[in-house]
Every structure is written in C-alpha cells, then in structure tokens.
Amino acid sequence: MRRGRLLAAVLGLAVAATMVSGPAQATGDRSALAFARQAAGQRVIYSYPGLTPPESLLARIRAGEAAGVIFFGENVAGLTQIRGVVSQLRAAAAQSPNRNPLLLMTDQEGGLIRRLPGEPALSHKDVGLSADPAASATAAGRGAGENLAGVGMNVNLAPVLDVFHAPGDLMDSYERSFSANAAVVGDLGANYLTAQQAEGVAATVKHFPGLGKANAGDNTDTKPVTLSVPLTTLRGVDEAPYQDAIAAGAKLVMLSWTVYTALDPNRPAGLSATVIGQELRSRNGFTGVTITDAIEAGALSAYGSTGNRAVLAAQAGGDLILASARDVNQGDQAADALAGALADGTLDSGAFGQALTRVNALRASLP
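Definitions and cut-offs
Residues numbered from 1 in each chain as written. Predicted model: local features only at pLDDT ≥ 70, side-chain atom pairs only at ≥ 80, totals over all residues. Heavy atoms only, no water. Pairing = 2+ DSSP bridges. Helix = DSSP H or I, 4+ residues; strand = E, 2+ residues; numbered from the N terminus. Contact = heavy atoms within 4.5 Å. Axes fitted to C-alpha atoms, helices over the stretch in contact; angles between N-to-C directions. Buried < 20%, exposed > 50% of the residue type's maximum accessible area, 1.4 Å probe, protein only. Phe/Tyr/Trp six-rings, centres within 6.5 Å; stacked < 30°, edge-to-face > 60°. Lys NZ or Arg CZ within 6 Å of the ring centre and 35° of its normal. Polar contact = N/O pair within 3.5 Å; in protein donor to acceptor, adjacent residues only side chain to side chain.

Visitor: Describe the sheet that holds strand E5 (residues 202–208), listing the residues and the values that go with them.
Guide: In spatial order, the strands read E1-E2-E3-E4-E5-E7-E9-E10; together these eight strands close into a barrel with parallel pairing. Bridge analysis of strand E4 (residues 155–156) against E5 gives two bridges, and the strand direction is parallel. Note on E5: the bridge partner recorded for valine 155 is alanine 202. In the packing of helix H4 (residues 79–93) onto the sheet, contacts are made with strand E2 (68–71) and strand E3 (103–106), and the angle to E2 comes to roughly 165 degrees. Docked against the sheet, helix H10 (residues 273–283) engages E5, strand E7 (252–255) and strand E9 (289–294), running at close to 145 degrees with respect to E7.

Shown next as structure tokens:
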C-alpha cells in the first residue's frame, strides 16, 4: 500500500474524535497502520469459547481494538460467574485508550431465547397472547434490562420485530413474534425497548426489514434465503414496526441476512447499501448504530472469508460486525480485513469515521 493513501485514510478518521483519548499521531506507515487496526477493531463485536475469556481477547480490549463482546449460553454458568467475567472485561477496557464502555451484549429475548437465567420468562408470543399485552411487554423489557444490568451487560439483542405469519414458521417455532398485526408488534416492541433502555440496557431491534414471512426451513444461520415479498407488503407490514421502534428511540438495528427481491435482488440485506442506506436510514429515518447478524452465517456462503464478508458489510453501511463463532481469531480476521480495506482505500475513510462516531456515541451513552 502507498504511504499517502494510508495516511489519508487515517486522517479521514478525524470525525471520530471520541475514539481515542488524544489525537492520532500518524507519523509513518507503521503508526498509521496501527491506528487503522485500532479503528477497525472498534467496529467488531468479539466472542469466545467456554466460561473464561482468553488472554488474546483481553489483550485486544486493553489495546482498544474491540467494540465489545457477545455472550452465549456456553459462556454462562450462572449470574455470579458471568458477573465476574464482565468485571474482568471492564477492567481490561479501563486500560484501553478508548475510555468508552465496551458493548457487552447477549440475546435475552424471553421464553426459549435466553442466555441468562431469569427474566424475561415470557416469550414474545406469550406477551402478545397475555391478558394485558402492553403491560406484559413493559414488564418483559424491564425484566430483561434489570437482568442484564445486574451482571454488568449494557446491550440486549432484543426485541424481535418480525411480524407473525403462519403457525410453525421460522419465528413461530421459537415463539419470537408478538403478533400477526404489524401495529401491535410496533406498539409492544416500543413498550419493551423503552422499559429496557430505562434500565441502561440498549435495545437492538431485529431483523430488518423483517423475517416474519420466512418458512420453518428458511434459516439464514444455515443457508441462503430469499423472500419475494411485494414491496407494498414489505413496507406496509414487515417494516412498519421499525418506525415505531425508531420513534421510541431504539439504539441499534440488526440487519437480516435474507435477500429481499423487492429491495435488492442481488445481496442479502446486511450486505446491501440499498437496504441499509436508502431503506433503513433514508426512508425510515434511523440514525443509530447498525449491527450485522452473525458474520459466519450459512446465508453468506457465497461471499468468501470472514474478512471479505466484514468488508462487504462495512461498505454497505454496517457499523458493527458481529463475529459470533466463539472464536477470537474470527474477530481478528474481521478487524484485520477492515483495517486493510481502510488503508488501501477500499473502504471510504469518511464513511468509516462516521460509523465510528455512531458506535462511540452509543458506547458513551451506556454504563
């Protein structure tokens, strides 16, 4: 790579002034590349295997080269244990040049989808079928927020805004939809996220622009999926709850890995600038942080390596890359590729800096 291009990329990150405690000192290729690697790492959510975070992850965090960590069931032996792990990660982050809190997240939707023991006990489907759905949604969001905040986490990958379509389909099989009525989904999702965020835990609404029409076998974790939903239906039903969630202040939106032919017949939503830039941001007015679904998903089998997928997602407008294979090396591959693409001009430095600004504003807003 040429020195001039590399330095220009680094200097283009000036809009992300909150990223580090002091100004960038790009005095040569080596320092500029190190700065680019730090910037890239701050767009990656890492994961790890087992109950103990490895030293390699702690080192990344101490160096300011990670945006956060996602936790799964295999990482949790109980509330006391995971509280200790979170404290360890926060202590490592306290040594980082980026003094903003780490994004410490999990999937605590309720019902069958819970990584921590305890609240919320009700699934989204249970909430929608309850005697007082609005009160139940508020209680579920509050319970999720209190539970995560109690162990030191600050982001929940919930609530789900996918609109129920048919019994036994993908979302219904895990009771992840509030209702078949898009307006009800929007109202209950807003109740859930508002109560959760009042506890200091950021809400992530998912899976934009909507997975409600997916059949039982249409699982992007395992294979490519295409939904040929008419644009009027997609916007009038599947996207509609997001407008309520955005108005209620949802801090993150997770993109689906499904291809939506009405919006972009060539790319999954999370790799599509049309879906992220035009549909989510311009049409629906979302100004917060976008996050990919699992970057290792089978739906992306045609898109090559972890690094290539990460760069494509960033080009499309994904702010955070979710490296959730329980492998620190996976996160490193994503960050290395982002750093290289920033340095050689594949990724626009201005857009990169804007993404960092959004991510760091989110981090600064959380405990």
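Visitor: For the pairing of E7, give the residues involved together with the corresponding values.
Guide: Alternating positions in E7 separate into two faces, Leu252 and Met254 on one and Val253 and Leu255 on the other, with burial throughout. In this structure, E7 lies alongside E9, joined through three bridges in parallel fashion. Residue pairing for E9: valine 253 is matched across the bridge by threonine 290.

Visitor: Can you break down the packing of aromatic side chains residue by residue, with the values?
Guide: The tally for this structure, following the rule as stated, stands at three aromatic pairs. Aromatic pair phenylalanine 208 and tyrosine 242: ring centres 5.0 Å apart, planes at 85 degrees, arrangement edge-to-face. Highlighted residues: phenylalanine 208 in strand E5 and tyrosine 242 in helix H9 (residues 240–247), separated in sequence by 34 residues. Taken individually, phenylalanine 208 and tyrosine 242 each receive the classification buried, so the pair is uniform in this respect. Its end group placed over the ring of phenylalanine 352, arginine 43 keeps NZ or CZ at 4.5 Å from the ring centre. The ring centre of phenylalanine 72 lies 3.6 Å from the NZ or CZ of arginine 326, which sits over that ring.

Visitor: For the side chain of threonine 290, give the residues involved together with the corresponding values.
Guide: Note that threonine 290 resides in strand E9. In this structure threonine 290 comes out as buried when scored by relative accessible area, which is 0%. Side-chain polar atoms of threonine 290 contact the backbone nitrogen of aspartate 319, separated by 2.9 Å. The residues contacting threonine 290, other than those within four sequence positions of it, are Val253, Leu255, Ile276, Leu280, Arg281, Gly317, Gly318, Asp319 and Leu320.

Visitor: How would you sum up the environment of alanine 351? Please name residues and give values.
Guide: Along the chain, the position of alanine 351 falls in helix H13 (residues 349–364). Along the primary structure alanine 351 and glutamine 315 are separated by 36 residues, whereas in three dimensions their C-alpha atoms are 8.6 Å apart.

Visitor: Explain the side chain of serine 177 to me, using residue names and the numbers behind them.
Guide: Among the secondary structure elements, serine 177 is positioned in the loop between E4 and helix H7 (182–197). For serine 177, a relative accessible area of 5% gives the class buried. Of note is the side chain of serine 177, whose polar atom sits 3.3 Å from the backbone oxygen of serine 179.

Shape is all these values report; function is a separate question.
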